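In case you want the letters, here they are:
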Amino acid sequence: DPSLRGQTVEIGGPSNITLTEFVALLAERAGRPGAPRRVPRAVLRAMSIVLRVVRPSLARQARAAVVMDTCDMTFDASPLRRRFPDLPDLDVRRLLTGTAGAE
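This is a predicted model, so every value here is computed, not measured.

Secondary structure assignment for the protein yields five helices and zero strands. Helices and strands appear in the protein in the N-to-C order α-α-α-α-α. Whereas a compact globule of 103 residues would reach a radius of gyration of roughly 13 Å, the protein reaches 18 Å, over 25% beyond that. Across its three principal directions, the C-alpha atoms of the protein cover 50 × 35 × 20 Å. Within the span of the protein, comprising 103 residues, buried residues form 16% of the whole. Taking all contacts inside the protein whose residues are at least 6 apart in sequence as the whole, residues at least 24 apart take part in 58%.

Another aspect to go through is the confidence of the model for the protein. Residue-level pLDDT values for the protein average 83, and 91% of them are 70 or greater. Mean pLDDT across the elements of the protein bottoms out in helix α5 (residues 92-97) (76) and peaks in helix α2 (residues 41-50) (95).

On the surface, Leu19, Phe22, Val23, Leu26, Met68 and Met73 cluster together into a nonpolar patch covering about 500 Å² of accessible area. Sorting elements by how many residues they give to the nonpolar patch places helix α1 (residues 19-29) first, with four residues. Position of Leu26 among the secondary structure elements: in helix α1.

On to the pattern of salt bridges. Throughout the structure, instances matching the rule amount to two salt bridges. Linking Arg38 and Asp69 is a salt bridge whose minimum nitrogen-to-oxygen distance equals 2.6 Å. Linking Arg38 in the loop between α1 and α2 with Asp69 in helix α3 (residues 56-70), this pair joins segments that are 31 residues apart in sequence. Across the salt bridge formed by Arg41 and Asp69, the nearest N and O atoms sit 2.9 Å from each other. Placement of the pair is Arg41 in helix α2 and Asp69 in helix α3, with a sequence separation of 28 residues. The exposure class of Asp69 is partly exposed, given its relative accessible area of 27%.

Cut-off values and rules
- Residues numbered from 1 in each chain as written.
- Predicted model: local features only at pLDDT ≥ 70, side-chain atom pairs only at ≥ 80, totals over all residues.
- Heavy atoms only, no water.
- Helix = DSSP H or I, 4+ residues; strand = E, 2+ residues; numbered from the N terminus.
- Rg over C-alpha atoms; globule rule 2.2 N^0.38 Å.
- Buried < 20%, exposed > 50% of the residue type's maximum accessible area, 1.4 Å probe, protein only.
- Contact = heavy atoms within 4.5 Å.
- pLDDT = per-residue confidence, 0-100.
- Patch = residues over 30% accessible without salt bridge, like charges linked within 9 Å, V, L, I, M, F, W, Y side chains within 5 Å.
- Areas by Shrake-Rupley, 256 points an atom, 1.4 Å probe, with all protein chains shown as cover.
- Salt bridge = Lys/Arg side-chain N within 4 Å of Asp/Glu carboxyl O.

Laid out in structure tokens, this is it:
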């Protein structure tokens, strides 16, 4: 749609899942079931400071992990649905299990 050129359209929903739930779904889909392992938040904070000099990219990843672990990452899809009512409702669980097209 040419009218969207240069715009950012946030896509998410219709259901909110945590990052931990998302990782568990991906692992299950890849044939690696089990609870995701976590790096403690204090360790991530320390990594984001200590690694700045020697591994800046890893320090940024640790900092991003702290943000994702401490901020509300929920997504309200209702404005998107009002703007684009024809978008399909594709739940991430259905996408990962291959049942998104099955109605």
